[in-house]
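Chain by chain, the residues run as shown.
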Amino acid sequence: MKSINEFIKRSLIFPIRNAFIHVNRLGGRFNRKVWIIGDGRSGTTWLLDLLNTNRKLELFEPFHPYVMPDSLNYKAFHYAHSLPANHALVNYFKDVFNAKLMHRRVHFNNRSLLYTDLIVKDVFASLIAPAILPHLENVKVIVVMRNPIDVIKSKLTTGARSWYWGEDLEHLADNIELAKLLTNKQKQHLKSISEAGTVAQKYALIWCLNYFILFQCLAPRSYFLLKYENLLASPEETLLSINEFLGEGSGANWINMTKARLRIAQKSRTDISRAFAKTKKIPNRSTIPEEEVTFISGLLDDFYLQEHYPSLNSMT
């Protein structure tokens, strides 16, 4: 039965879905685009579900290393300072934002016939985003940020269940272009942690690099910075601010957005309505030793990110 279902999907369902996406593209229905960027376990999927209440085409992690073609030699947290317009990576990103990429993992939540706009969610492209964005048109960027201790604890828990988060940092330590942006202390951290750091330290360094590069290379008013904790504490106010940034107004669209509270977040299998309770607690079996927390706090300091989370007390 399983093989029959798979055959039906591959021979009938997926081709029909892809054909309708193609028709929507030809009809100019993907002119407005949103790119949700952030570290893994920061709330990017949650935000995707909240924003996508009016049949936007969802592209779920199209820059995941498991999705990217081997020919591109793309690493998790790939970095490039700049890229020419005819570069293969630029062409791939353009295909994604023009809805030309067809991949069952990326499109698994797309089941409509007609779409309005396009929304991309990814957690592996933060470092290359500043080099890619100049080549894209009509893309609004939302950067999602969460307390790094909570991110690390969640990654440790899900990583134990074989979720991929990318721990190989050697390609970044060897990146000459990246080195030009880093201080001596930052380069020392990158070298030592990539060679002998704990998993928690590697996750912390990835968190720091992601936001350091984004904040250094993107113009301050070119993106919306969303703190996960703000969305938890003040959901309506935060979503209204996002809506204003996206230019979607606050009338009928806002009503549609609030309906997302009652939807089931299919990817996380949790009821989104619960996520709006200020007392929300996320079960997390992983713990981080105090000395690691102190080390991570020093990392934030050295990457000029301490102001975002001066206290690393965990929300979970």
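Notes on the structure in this doc start here.

Thresholds applied
- Residues numbered from 1 in each chain as written.
- Predicted model: local features only at pLDDT ≥ 70, side-chain atom pairs only at ≥ 80, totals over all residues.
- Heavy atoms only, no water.
- Helix = DSSP H or I, 4+ residues; strand = E, 2+ residues; numbered from the N terminus.
- Contact = heavy atoms within 4.5 Å.
- Areas by Shrake-Rupley, 256 points an atom, 1.4 Å probe, with all protein chains shown as cover.
- Salt bridge = Lys/Arg side-chain N within 4 Å of Asp/Glu carboxyl O.
- Buried < 20%, exposed > 50% of the residue type's maximum accessible area, 1.4 Å probe, protein only.
- Polar contact = N/O pair within 3.5 Å; in protein donor to acceptor, adjacent residues only side chain to side chain.

### Here's the deal with the overall build of the protein
A count of helical and extended segments in the protein gives 13 helices and 7 strands. Within the protein, contacts between residues separated by at least 24 positions form 82% of all contacts whose residues are at least 6 apart in sequence. Summing over all exposed atoms, the protein offers an accessible surface of approximately 15300 Å²; the carbon and sulfur share of this is 53%.

### A short note on the pattern of salt bridges
Enumeration over the complete set of coordinates arrives at 6 salt bridges. A salt bridge links Glu 61 to Arg 105, with the nearest nitrogen and oxygen atoms 3.2 Å apart. Pair noted here: Glu 61 is in the loop between β2 (57-60) and α3 (88-97) and Arg 105 is in the loop between α3 and β3 (118-122), with a separation of 44 residues, a long-range link. Residue classification places Glu 61 among the buried positions, given a relative accessible area of 7%. Ionic pairing is found between Glu 61 and Lys 121, a salt bridge with its closest N-O pair at 2.5 Å.

### Details of the side chain of Gln 306
The topology assignment puts Gln 306 in the segment after α13 (290-302). Classification of Gln 306 as buried rests on a relative accessible area of 16%. In this structure the side chain of Gln 306 is engaged in a polar contact, spanning 3.3 Å, whose partner is the backbone oxygen of Pro 310. The contact partners of Gln 306, leaving out residues within four places of it in the chain, are Ser 297, Leu 300 and Asp 301.

By themselves these figures say nothing about function.
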